[in-house]
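Topology and contacts: notes
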Amino acid sequence: MRVGFIVGSLRKDSWNRKVANVVKEMLPTGVEADFIDIANLPFYNEDLDGEQPATEYTALRDAIGVHDAFIFFMPEYNRSYAPAIKNAIDIASRGPLGNMWAQKPVALFTASTGNSGGMAGNHALRQVFVFVDMIAMQQPEVYLAHVDTLFSEDGRLQERTKDFLQRATDAFIAHAKRFVD
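The following refers to the structure shown.

About the cut-offs
Along each chain, residue indices are assigned from 1 in the same order as the chain's sequence is written. Reporting in this predicted model follows two pLDDT cut-offs: at least 70 for local features of residues, and 80 or more for side-chain atom pairs to be given and counted; totals over whole chains, interfaces and linings ignore these cut-offs and use all residues. In computing side-chain values, all of the structure's heavy atoms are included and hydrogens and water are not. For helices, the fitted line uses only the C-alpha atoms of the stretch in contact; every axis is such a line through C-alpha atoms, and the angle between N-to-C directions lies from 0 to 180 degrees. In this description a helix means any DSSP run of H or I spanning at least four residues, a strand means any run of E spanning at least two, and both kinds are numbered starting from the N terminus. Angles below 35 degrees are treated as roughly parallel, those above 145 as roughly antiparallel, those between 65 and 115 as roughly perpendicular, and all remaining angles as oblique. The contact rule is simple, with two residues in contact once any of their heavy atoms fall within 4.5 Å. Here the nonpolar group is Ala, Val, Leu, Ile, Met, Phe, Trp, Tyr, Cys and Pro; Asp, Glu, Lys and Arg are the charged ones; every other residue, Gly included, is treated as polar. Here's how the labels work: a residue is buried when its accessible area is under 20% of the maximum for its type, exposed when over 50%, partly exposed in between, all with a 1.4 Å probe on protein chains only. At least two DSSP bridges between two strands are required for those strands to pair. By convention, orient the strands away from the viewer: a clockwise path from the first strand over the helix to the second makes the crossover right-handed.

In this section: the packing of helix H3 (residues 83-92) against helix H4 (residues 119-131). Following both chains from N to C, one finds H3 and H4 inclined at 0°, their axes separated by 11 Å at the closest point. Classified by the interaxial angle, the pair formed by H3 and H4 is roughly parallel. On H4, the residues touching Ile85, Lys86 and Ile89 of H3 are Leu125, Val128 and Phe129. Here the residues of the contact of H3 with H4 are counted per class, giving 5 nonpolar, no polar and 1 charged.

Let's shift gears to the pairing of strand E4 (residues 105-111). In summary, the side chains of a regular strand alternate between the two faces of the sheet. Of all 7 residues that make up E4, 7 are buried, and the element is covered over most of its length. Of the two faces of E4, both are covered, the one formed by Pro105, Ala107, Phe109 and Ala111 as well as the one formed by Val106, Leu108 and Thr110. The sheet contact formed by strand E3 (residues 69-74) and E4 spans 5 bridges and is parallel. Each residue of the ladder has a partner; that of Phe72, found in E4, is Leu108. Handedness of the β-α-β unit built from E3, H3 and E4 comes out right-handed. By the bridge criterion, 2 bridges tie E4 to strand E5 (residues 135-136) in an arrangement that is parallel. Directly across from Val106, in E5, lies its bridge partner Ala136. Looking at chain direction, E4 and strand E6 (residues 142-144) are connected through 3 bridges and run parallel.

Structure below.
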């Protein structure tokens, strides 16, 4: 199985990227993970699509097409989802091959420095998942509050959180295997 990791925070030292790096190490043998870079995508614009789509659109669609499942790692922006993720979803749901997300299993792990762990953004993005026909993992829900306090100075994630992420990652792999050949 090939899993695409999409990180919605574009910062170099993103907490969500740090979480994603931890999760990547938790994947079982036989599951490959790749980061799909969405940092330089132009906003979706139908004028940039069509017979000769923008090269960034084509590259993203190609990356989505070769992955069997996805984990999104996202902060919460103003009680909603990260615009970079929504843009990537919009681009890959359109185009000459149709909706590249349809029937792909996904999970959403949100982390923020605030109290809610990105819960509002998580729920808002799940509505988008439904519309583009992604198959979202329902349980466990992953909200990491005060993520800035969960890593030690040397970059290690605290064991309690690591154990929770391992259980969530294992649940996602079981979820994805139900839909991947």
